[in-house]
Amino acid sequence: MQTEELAYVIVTPYSIRKSRTGGIVGRLISRTGLDLVGGRMFAPSAELATRYANTTVTEINSRHRATQELIREYVLKNFTGEKNGQQARVLFLLFRGPDAVERIHRTVGHIVHERTSGETIRDTYGDYVTDESGNVTYFEPGRSGDFRSKGN
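These lines cover the structure that appears in this document, whether it is placed above or below.

Rules used throughout
Residues numbered from 1 in each chain as written. Predicted model: local features only at pLDDT ≥ 70, side-chain atom pairs only at ≥ 80, totals over all residues. Heavy atoms only, no water. Axes fitted to C-alpha atoms, helices over the stretch in contact; angles between N-to-C directions. Helix = DSSP H or I, 4+ residues; strand = E, 2+ residues; numbered from the N terminus. Parallel < 35°, antiparallel > 145°, perpendicular 65-115°, else oblique. Left-handed = near helix turned anticlockwise from the far one by under 90°. Contact = heavy atoms within 4.5 Å. Nonpolar A, V, L, I, M, F, W, Y, C, P; charged D, E, K, R; others polar. Phe/Tyr/Trp six-rings, centres within 6.5 Å; stacked < 30°, edge-to-face > 60°. Buried < 20%, exposed > 50% of the residue type's maximum accessible area, 1.4 Å probe, protein only. Salt bridge = Lys/Arg side-chain N within 4 Å of Asp/Glu carboxyl O.

Things to note about the packing of helix α2 (residues 21-32) against helix α5 (residues 100-108)
Argument step 1. It is at 10 Å that the axes of α2 and α5 come closest, and there the two elements cross at 125 degrees. Classified by the angle their axes make, α2 and α5 are oblique. Of the two elements, α2 crosses α5, and the hand of that crossing is right-handed. Each of Arg 27, Leu 28, Arg 31 and Thr 32 in α2 lies in contact with α5, whose residues at this interface are Arg 103, Ile 104, Thr 107 and Val 108.
Argument step 2. A breakdown of the residues in the contact of α2 with α5 according to their chemical character gives three nonpolar, two polar and three charged.

A closer look at the packing of aromatic side chains
Argument step 1. Taken as a whole and assessed by the stated rule, the structure comprises four aromatic pairs.
Argument step 2. Judged by centre distance (5.2 Å) and plane angle (20 degrees), the ring pair of Tyr 8 and Phe 92 falls under stacked. Of this pair, Tyr 8 sits in strand β1 (residues 4-11) while Phe 92 is found in strand β5 (residues 90-98), placing the two residues 84 residues apart along the sequence.
Argument step 3. Residue classification places Tyr 8 among the buried residues on the basis of a relative accessible area of 12%.
Argument step 4. By the ring-pair criterion, three or more aromatic residues cluster together here, those being Tyr 8, Tyr 52, Tyr 74, Phe 79 and Phe 92.

Structural notes on unusual backbone geometry
Argument step 1. The phi dihedral of Ser 19 falls on the positive side, at around 60 degrees, and the residue is not glycine.
Argument step 2. With respect to the secondary-structure elements, Ser 19 resides in the loop between α1 (13-17) and α2.
Argument step 3. For Asp 99, which is not glycine, the phi torsion reads 55 degrees and is therefore positive.
Argument step 4. Among the secondary structure elements, Asp 99 is positioned in the loop between β5 and α5.

As for the pattern of salt bridges
Argument step 1. If you walk through the whole model with that rule in mind, you get four salt bridges.
Argument step 2. In this structure, Arg 96 engages Glu 4 in a salt bridge whose closest nitrogen and oxygen atoms are separated by 3.6 Å. Of this pair, Arg 96 sits in strand β5 while Glu 4 sits in strand β1, and the two are 92 residues apart along the sequence.
Argument step 3. Residue Arg 96 is classed as partly exposed on the basis of its relative accessible area of 34%.
Argument step 4. Of the residues examined, Glu 4 reaches a relative accessible area of 26% and is grouped as partly exposed.
Argument step 5. Across the pair Arg 65 and Glu 69 runs a salt bridge, and its minimum N-O distance is 3.5 Å. In this pair, Arg 65 and Glu 69 are both assigned in helix α4 (residues 62-78), four residues apart and thus about one turn of the helix distant.
Argument step 6. According to the relative accessible area criterion, Arg 65 is partly exposed, its value standing at 33%.
Argument step 7. Residue Glu 69 is classed as partly exposed on the basis of its relative accessible area, which comes to 31%.

Take a look at the structure:
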């Protein structure tokens, strides 16, 4: 018997403002086959955003770690404060099912600037732009987060 897992996705304030939420949620449900068991839109406090940002860098591989560091900086800069007079809001979604974390990873994908095929959510909704020297000039991950919780 496969163990069920919980995995979460956080849709970024930019994706919410650009009305991309439906496309992102639709892909998550249809391509993972997981159950959407909860969701909440909220404006994170600076303390919560900082605490979350501090958990995002875990990778040992330097390439993936560099992307996680970009995500951490993105969270610190964009998950709080106001844009156009509105408080930054995120959408937290919780999914359940067998291999939930891996299914979410596969559907969301890694954000890399070499690939723009549209296969994953990040291919379609994320941006990772570099200059000729390889310095990141624009970064929008489209979503962040996942975790593993085993149950039965």
